[in-house]
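Spelled out, the chains give:
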Amino acid sequence: MIAADPRDFQLLNDFQRGFPLAPEPWAAVGAQVGCSAEETMARLACLRNAGKISRVGAVFAPRRLGASTLAAMAVPVDELPRVARIVSAFAGVNHNYRREHCYNLWFVASAHDEAALAALLDEMGAATGCPPIALPLLEEFHIDLGFDLANGRRTRHATSAGPRQPLSDADWRLVDALHDGLPWVARPFRALGHAAGLGEDAVLATLKRWLADGTLRRFGVVVRHRDLGWQANAMCVWAVPEAQVSALGHALAGQDGVSLCYRRRTAPDWPYNLFCMIHGQSRPAVEARRAELADAVGLAAFPHAVLFSTDCYKQCGARYQGPQGLAAA
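Residues numbered from 1 in each chain as written. Predicted model: local features only at pLDDT ≥ 70, side-chain atom pairs only at ≥ 80, totals over all residues. Heavy atoms only, no water.

### Considering the environment of Val 77
Here is step 1: Structurally, Val 77 can be placed in the loop between β2 (67-73) and α4 (80-89).
Here is step 2: In sequence terms Val 77 and Cys 102 are 25 residues apart; their C-alpha atoms lie 9.4 Å from each other.
Here is step 3: Setting aside anything within four residues of it in sequence, one finds Val 77 in contact with Arg 98 and Asn 104. (Helix = DSSP H or I, 4+ residues; strand = E, 2+ residues; numbered from the N terminus. Contact = heavy atoms within 4.5 Å.)

Following this line, the structure appears as C-alpha coordinates:
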(Lines give C-alpha, C1' and ligand atoms only; values in the text may rest on other atoms or scores of the structure.)
Protein backbone atom coordinates (compact mmCIF):
# COMPACT_ATOMS: atom_id res chain seq x y z
CA MET A 1 0.00 0.00 0.00
CA ILE A 2 1.24 3.50 -0.79
CA ALA A 3 -0.10 4.94 2.45
CA ALA A 4 -2.84 3.59 4.66
CA ASP A 5 -3.65 7.01 6.10
CA PRO A 6 -5.08 9.69 3.78
CA ARG A 7 -3.03 12.39 5.50
CA ASP A 8 0.15 10.45 4.88
CA PHE A 9 -0.83 10.04 1.25
CA GLN A 10 -1.45 13.78 0.95
CA LEU A 11 1.96 14.51 2.45
CA LEU A 12 3.60 12.14 -0.03
CA ASN A 13 1.67 13.16 -3.10
CA ASP A 14 0.91 16.86 -2.75
CA PHE A 15 4.18 18.25 -1.40
CA GLN A 16 6.72 16.85 -3.85
CA ARG A 17 6.99 20.44 -5.06
CA GLY A 18 5.58 23.71 -3.84
CA PHE A 19 6.70 22.96 -0.29
CA PRO A 20 6.21 26.15 1.77
CA LEU A 21 9.37 28.25 1.88
CA ALA A 22 8.38 29.92 5.12
CA PRO A 23 9.94 30.23 8.59
CA GLU A 24 7.64 27.52 10.00
CA PRO A 25 6.95 25.23 7.02
CA TRP A 26 5.63 22.27 9.03
CA ALA A 27 2.84 24.45 10.39
CA ALA A 28 2.02 25.67 6.88
CA VAL A 29 1.88 22.10 5.57
CA GLY A 30 -0.16 20.96 8.55
CA ALA A 31 -2.70 23.72 7.93
CA GLN A 32 -3.31 22.22 4.47
CA VAL A 33 -3.37 18.61 5.64
CA GLY A 34 -5.39 19.20 8.80
CA CYS A 35 -2.91 18.48 11.58
CA SER A 36 -0.46 20.31 13.79
CA ALA A 37 3.13 21.17 12.92
CA GLU A 38 4.31 18.56 15.41
CA GLU A 39 2.12 15.84 13.89
CA THR A 40 3.25 16.83 10.38
CA MET A 41 6.90 16.41 11.37
CA ALA A 42 6.15 13.13 13.11
CA ARG A 43 4.29 11.72 10.12
CA LEU A 44 7.03 12.68 7.68
CA ALA A 45 9.69 11.28 10.01
CA CYS A 46 7.80 7.98 10.15
CA LEU A 47 7.55 7.90 6.35
CA ARG A 48 11.27 8.53 6.13
CA ASN A 49 12.08 5.85 8.68
CA ALA A 50 9.88 3.41 6.75
CA GLY A 51 11.86 4.13 3.59
CA LYS A 52 8.99 5.79 1.72
CA ILE A 53 10.80 9.12 1.39
CA SER A 54 14.49 9.90 1.29
CA ARG A 55 14.22 13.48 2.52
CA VAL A 56 12.28 16.71 2.34
CA GLY A 57 14.44 19.19 0.54
CA ALA A 58 16.09 20.45 -2.60
CA VAL A 59 16.36 18.72 -5.98
CA PHE A 60 18.94 20.53 -8.08
CA ALA A 61 18.51 20.72 -11.82
CA PRO A 62 20.93 18.75 -14.01
CA ARG A 63 24.04 20.60 -15.15
CA ARG A 64 23.44 23.52 -12.78
CA LEU A 65 26.09 22.51 -10.25
CA GLY A 66 29.43 21.03 -11.23
CA ALA A 67 29.48 18.11 -13.69
CA SER A 68 27.60 14.82 -13.66
CA THR A 69 26.86 11.85 -15.86
CA LEU A 70 24.93 8.63 -15.99
CA ALA A 71 27.45 5.80 -16.16
CA ALA A 72 27.31 2.05 -16.55
CA MET A 73 29.53 -0.97 -16.03
CA ALA A 74 29.40 -4.47 -17.46
CA VAL A 75 30.06 -6.54 -14.34
CA PRO A 76 30.28 -10.34 -14.08
CA VAL A 77 27.13 -11.37 -12.25
CA ASP A 78 28.95 -13.05 -9.37
CA GLU A 79 31.04 -9.89 -8.91
CA LEU A 80 28.10 -7.49 -8.72
CA PRO A 81 27.79 -7.25 -4.92
CA ARG A 82 31.50 -6.51 -4.54
CA VAL A 83 31.68 -4.01 -7.39
CA ALA A 84 28.46 -2.30 -6.30
CA ARG A 85 29.86 -1.80 -2.80
CA ILE A 86 33.03 -0.24 -4.18
CA VAL A 87 31.12 2.07 -6.51
CA SER A 88 28.62 3.10 -3.83
CA ALA A 89 31.45 3.98 -1.45
CA PHE A 90 32.54 6.88 -3.67
CA ALA A 91 31.10 10.14 -2.35
CA GLY A 92 30.52 11.31 -5.93
CA VAL A 93 28.02 8.50 -6.59
CA ASN A 94 24.35 8.81 -5.76
CA HIS A 95 21.82 6.57 -7.55
CA ASN A 96 23.33 3.11 -8.07
CA TYR A 97 21.17 0.31 -9.48
CA ARG A 98 21.41 -3.14 -11.00
CA ARG A 99 19.57 -3.38 -14.32
CA GLU A 100 18.83 -6.25 -16.67
CA HIS A 101 21.42 -5.89 -19.46
CA CYS A 102 25.02 -6.81 -20.16
CA TYR A 103 25.64 -3.31 -18.81
CA ASN A 104 24.14 -4.24 -15.49
CA LEU A 105 25.38 -1.62 -12.99
CA TRP A 106 24.06 1.91 -13.52
CA PHE A 107 24.89 4.94 -11.42
CA VAL A 108 25.12 8.72 -11.47
CA ALA A 109 28.54 10.22 -10.80
CA SER A 110 29.16 13.88 -9.96
CA ALA A 111 32.21 16.10 -9.48
CA HIS A 112 33.07 19.80 -9.46
CA ASP A 113 34.07 19.91 -13.16
CA GLU A 114 34.46 17.71 -16.21
CA ALA A 115 38.13 16.91 -15.57
CA ALA A 116 37.40 15.80 -12.00
CA LEU A 117 34.48 13.73 -13.24
CA ALA A 118 36.66 11.94 -15.79
CA ALA A 119 39.25 11.27 -13.08
CA LEU A 120 36.54 9.89 -10.78
CA LEU A 121 35.34 7.46 -13.44
CA ASP A 122 38.91 6.36 -14.15
CA GLU A 123 39.43 5.73 -10.43
CA MET A 124 36.27 3.64 -10.28
CA GLY A 125 37.40 1.57 -13.24
CA ALA A 126 40.79 0.94 -11.63
CA ALA A 127 39.21 0.05 -8.27
CA THR A 128 36.69 -2.40 -9.71
CA GLY A 129 38.36 -3.75 -12.84
CA CYS A 130 35.24 -2.74 -14.78
CA PRO A 131 35.78 0.43 -16.85
CA PRO A 132 32.56 2.49 -16.91
CA ILE A 133 31.00 4.09 -19.94
CA ALA A 134 29.88 7.70 -19.49
CA LEU A 135 26.57 8.81 -21.00
CA PRO A 136 26.22 12.50 -20.14
CA LEU A 137 22.99 14.40 -20.54
CA LEU A 138 22.72 16.35 -23.79
CA GLU A 139 19.10 17.48 -23.79
CA GLU A 140 16.35 17.18 -21.21
CA PHE A 141 12.74 16.76 -22.17
CA HIS A 142 11.21 15.93 -18.78
CA ILE A 143 13.18 15.44 -15.57
CA ASP A 144 12.00 15.07 -11.97
CA LEU A 145 8.85 17.15 -12.06
CA GLY A 146 6.92 15.11 -9.56
CA PHE A 147 5.02 11.84 -9.66
CA ASP A 148 1.31 11.27 -9.07
CA LEU A 149 1.24 8.31 -6.70
CA ALA A 150 -2.45 7.70 -7.30
CA ASN A 151 -2.10 6.75 -10.97
CA GLY A 152 1.56 6.98 -11.95
CA ARG A 153 1.06 10.01 -14.14
CA ARG A 154 3.66 12.69 -14.08
CA THR A 155 2.63 16.08 -12.75
CA ARG A 156 2.58 18.71 -15.44
CA HIS A 157 4.85 21.67 -14.86
CA ALA A 158 6.70 23.70 -17.46
CA THR A 159 10.48 23.54 -17.43
CA SER A 160 12.30 26.79 -17.96
CA ALA A 161 15.79 27.62 -16.82
CA GLY A 162 17.74 30.77 -17.39
CA PRO A 163 21.51 30.93 -17.80
CA ARG A 164 23.54 29.05 -15.24
CA GLN A 165 24.16 31.33 -12.28
CA PRO A 166 27.50 31.50 -10.44
CA LEU A 167 27.40 30.48 -6.79
CA SER A 168 29.10 32.37 -3.98
CA ASP A 169 30.94 30.65 -1.14
CA ALA A 170 27.85 31.21 1.01
CA ASP A 171 25.71 29.55 -1.66
CA TRP A 172 28.02 26.52 -1.71
CA ARG A 173 27.79 26.25 2.08
CA LEU A 174 24.01 26.24 1.80
CA VAL A 175 24.10 23.56 -0.91
CA ASP A 176 26.18 21.42 1.43
CA ALA A 177 23.80 21.99 4.33
CA LEU A 178 20.87 20.93 2.12
CA HIS A 179 22.31 17.55 1.21
CA ASP A 180 20.40 15.52 3.81
CA GLY A 181 17.23 17.58 3.57
CA LEU A 182 15.47 19.74 6.11
CA PRO A 183 16.27 19.05 9.76
CA TRP A 184 13.31 17.95 11.86
CA VAL A 185 13.00 21.13 13.91
CA ALA A 186 10.28 23.75 14.08
CA ARG A 187 12.29 26.32 12.08
CA PRO A 188 14.42 24.19 9.74
CA PHE A 189 15.53 27.06 7.48
CA ARG A 190 16.99 28.86 10.46
CA ALA A 191 18.90 25.68 11.35
CA LEU A 192 20.19 25.43 7.77
CA GLY A 193 21.29 29.03 8.03
CA HIS A 194 23.27 28.31 11.17
CA ALA A 195 25.07 25.48 9.36
CA ALA A 196 25.80 27.68 6.34
CA GLY A 197 26.61 30.91 8.16
CA LEU A 198 23.47 32.64 6.89
CA GLY A 199 20.37 34.15 8.41
CA GLU A 200 16.97 32.51 8.01
CA ASP A 201 15.74 35.24 5.66
CA ALA A 202 18.82 34.83 3.46
CA VAL A 203 18.26 31.06 3.22
CA LEU A 204 14.63 31.50 2.19
CA ALA A 205 15.48 34.23 -0.32
CA THR A 206 18.24 32.10 -1.86
CA LEU A 207 16.00 29.07 -2.25
CA LYS A 208 13.29 31.16 -3.90
CA ARG A 209 15.89 32.67 -6.24
CA TRP A 210 17.22 29.22 -7.17
CA LEU A 211 13.70 28.01 -7.95
CA ALA A 212 13.09 31.07 -10.11
CA ASP A 213 16.32 30.83 -12.11
CA GLY A 214 16.22 27.05 -12.58
CA THR A 215 19.07 26.09 -10.25
CA LEU A 216 16.52 24.08 -8.25
CA ARG A 217 14.19 21.76 -10.11
CA ARG A 218 11.89 21.59 -7.12
CA PHE A 219 11.82 21.73 -3.34
CA GLY A 220 9.73 19.25 -1.42
CA VAL A 221 9.19 15.62 -0.52
CA VAL A 222 11.51 13.23 -2.36
CA VAL A 223 9.69 9.89 -2.54
CA ARG A 224 11.04 6.39 -3.07
CA HIS A 225 8.81 4.96 -5.78
CA ARG A 226 9.77 1.32 -5.22
CA ASP A 227 8.81 1.44 -1.54
CA LEU A 228 5.51 3.09 -2.38
CA GLY A 229 4.24 0.25 -4.56
CA TRP A 230 5.72 1.28 -7.93
CA GLN A 231 8.15 -1.62 -7.94
CA ALA A 232 8.44 -2.31 -11.67
CA ASN A 233 10.80 0.36 -12.95
CA ALA A 234 12.32 0.26 -16.41
CA MET A 235 14.82 2.45 -18.22
CA CYS A 236 13.63 2.34 -21.83
CA VAL A 237 16.06 3.38 -24.54
CA TRP A 238 15.99 3.84 -28.30
CA ALA A 239 18.65 4.41 -30.96
CA VAL A 240 17.18 7.34 -32.89
CA PRO A 241 18.80 9.30 -35.73
CA GLU A 242 20.22 12.51 -34.29
CA ALA A 243 18.10 14.61 -36.66
CA GLN A 244 14.92 13.15 -35.14
CA VAL A 245 15.78 12.64 -31.50
CA SER A 246 14.73 16.08 -30.23
CA ALA A 247 11.29 15.99 -31.84
CA LEU A 248 10.65 12.43 -30.72
CA GLY A 249 11.95 13.16 -27.24
CA HIS A 250 9.58 16.07 -26.77
CA ALA A 251 6.69 13.95 -28.05
CA LEU A 252 7.59 11.10 -25.70
CA ALA A 253 7.95 13.45 -22.72
CA GLY A 254 4.37 14.68 -23.26
CA GLN A 255 2.90 11.24 -22.63
CA ASP A 256 1.50 10.03 -19.32
CA GLY A 257 3.50 7.27 -17.73
CA VAL A 258 6.87 8.84 -18.55
CA SER A 259 8.57 10.05 -15.39
CA LEU A 260 11.94 10.99 -16.93
CA CYS A 261 12.90 11.64 -20.52
CA TYR A 262 16.18 12.90 -21.98
CA ARG A 263 18.80 12.57 -24.72
CA ARG A 264 22.24 11.27 -23.79
CA ARG A 265 25.52 10.79 -25.56
CA THR A 266 26.13 7.37 -27.08
CA ALA A 267 29.20 5.14 -26.63
CA PRO A 268 30.95 2.75 -29.05
CA ASP A 269 28.97 -0.26 -27.81
CA TRP A 270 25.95 1.70 -26.55
CA PRO A 271 23.98 3.10 -29.54
CA TYR A 272 20.96 4.35 -27.60
CA ASN A 273 20.49 8.12 -27.32
CA LEU A 274 16.83 8.56 -26.23
CA PHE A 275 16.01 7.51 -22.66
CA CYS A 276 12.87 7.45 -20.58
CA MET A 277 11.86 5.95 -17.26
CA ILE A 278 8.55 4.18 -16.80
CA HIS A 279 7.39 3.27 -13.29
CA GLY A 280 4.62 0.75 -12.78
CA GLN A 281 3.08 -1.58 -10.24
CA SER A 282 3.81 -4.66 -12.36
CA ARG A 283 6.25 -5.65 -15.06
CA PRO A 284 3.52 -6.48 -17.65
CA ALA A 285 1.99 -3.03 -17.07
CA VAL A 286 5.32 -1.33 -17.76
CA GLU A 287 5.98 -3.45 -20.85
CA ALA A 288 2.52 -2.71 -22.21
CA ARG A 289 2.85 1.00 -21.58
CA ARG A 290 6.27 1.08 -23.27
CA ALA A 291 4.82 -0.56 -26.38
CA GLU A 292 1.88 1.87 -26.41
CA LEU A 293 4.21 4.84 -26.11
CA ALA A 294 6.49 3.60 -28.87
CA ASP A 295 3.52 3.22 -31.21
CA ALA A 296 1.96 6.54 -30.24
CA VAL A 297 5.14 8.57 -30.67
CA GLY A 298 6.57 6.78 -33.70
CA LEU A 299 9.44 4.93 -32.04
CA ALA A 300 8.43 1.36 -32.81
CA ALA A 301 10.72 1.04 -35.84
CA PHE A 302 13.91 2.03 -34.01
CA PRO A 303 16.25 -0.33 -32.15
CA HIS A 304 15.44 -0.35 -28.47
CA ALA A 305 16.17 -1.99 -25.14
CA VAL A 306 14.25 -2.26 -21.87
CA LEU A 307 16.35 -2.37 -18.70
CA PHE A 308 14.32 -3.22 -15.60
CA SER A 309 15.98 -2.34 -12.31
CA THR A 310 16.26 -5.25 -9.91
CA ASP A 311 18.38 -3.98 -7.00
CA CYS A 312 18.99 -0.55 -5.51
CA TYR A 313 22.45 -0.27 -4.00
CA LYS A 314 22.48 3.46 -3.22
CA GLN A 315 20.03 6.34 -3.47
CA CYS A 316 20.87 9.79 -2.16
CA GLY A 317 21.38 13.34 -3.35
CA ALA A 318 24.39 14.11 -5.54
CA ARG A 319 27.50 15.62 -4.00
CA TYR A 320 29.73 18.15 -5.74
CA GLN A 321 32.92 19.90 -4.73
CA GLY A 322 32.72 23.67 -4.53
CA PRO A 323 35.51 26.19 -5.14
CA GLN A 324 38.71 25.83 -3.12
CA GLY A 325 37.66 22.36 -2.02
CA LEU A 326 34.48 23.56 -0.32
CA ALA A 327 32.26 20.47 -0.07
CA ALA A 328 28.82 20.82 -1.56
CA ALA A 329 25.93 18.45 -2.05
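Now that the structure is up, let's keep going.
### Remarks on the side chain of Arg 264
Here is step 1: Relative to the helices and strands, Arg 264 resides in strand β9 (residues 260-264).
Here is step 2: At 2.8 Å, the side chain of Arg 264 forms a polar contact with the backbone oxygen of Leu 135. (Polar contact = N/O pair within 3.5 Å; in protein donor to acceptor, adjacent residues only side chain to side chain.)

### Considering the environment of Asn 104
Here is step 1: Position of Asn 104 among the secondary structure elements: in the loop between β3 (93-99) and β4 (105-111).
Here is step 2: If we skip the residues at most four places from it in the chain, Asn 104 touches Met 73, Ala 74, Val 75, Val 77, Leu 80, Tyr 97, Arg 98 and Arg 99.
Here is step 3: Here Val 75 takes part through its backbone oxygen, which lies 2.8 Å from a polar atom of the side chain of Asn 104.

### Some remarks on the pattern of salt bridges
Here is step 1: Taken as a whole and judged by the stated rule, the model has 14 salt bridges.
Here is step 2: Across the pair Arg 283 and Glu 100 runs a salt bridge whose closest N-O atoms are separated by 2.8 Å. In this pair, Arg 283 is assigned in helix α10 (residues 283-297) and Glu 100 in the loop between β3 and β4, connecting sequence segments 183 residues apart.
Here is step 3: Taken together, the salt bridges that share partners define one network made up of Asp 5, Arg 7, Asp 8, Glu 39 and Arg 43. (Salt bridge = Lys/Arg side-chain N within 4 Å of Asp/Glu carboxyl O.)

### Concerning the packing of helix α1 (residues 6-14) against helix α3 (residues 37-49)
Here is step 1: Two elements in contact, α1 and α3, have axes whose closest approach is 10 Å; the angle formed by their N-to-C orientations is 75 degrees. If you check the angle between α1 and α3, you find them roughly perpendicular. Across the interface between the two elements, Arg 7, Asp 8, Leu 11 and Leu 12 from α1 touch Glu 39, Thr 40, Arg 43, Leu 44 and Leu 47 from α3.
Here is step 2: Looking at the contact of α1 with α3, its residues break down into 4 nonpolar, 1 polar and 4 charged. (Axes fitted to C-alpha atoms, helices over the stretch in contact; angles between N-to-C directions. Parallel < 35°, antiparallel > 145°, perpendicular 65-115°, else oblique. Nonpolar A, V, L, I, M, F, W, Y, C, P; charged D, E, K, R; others polar.)

That's the geometry; what it means functionally is another story.
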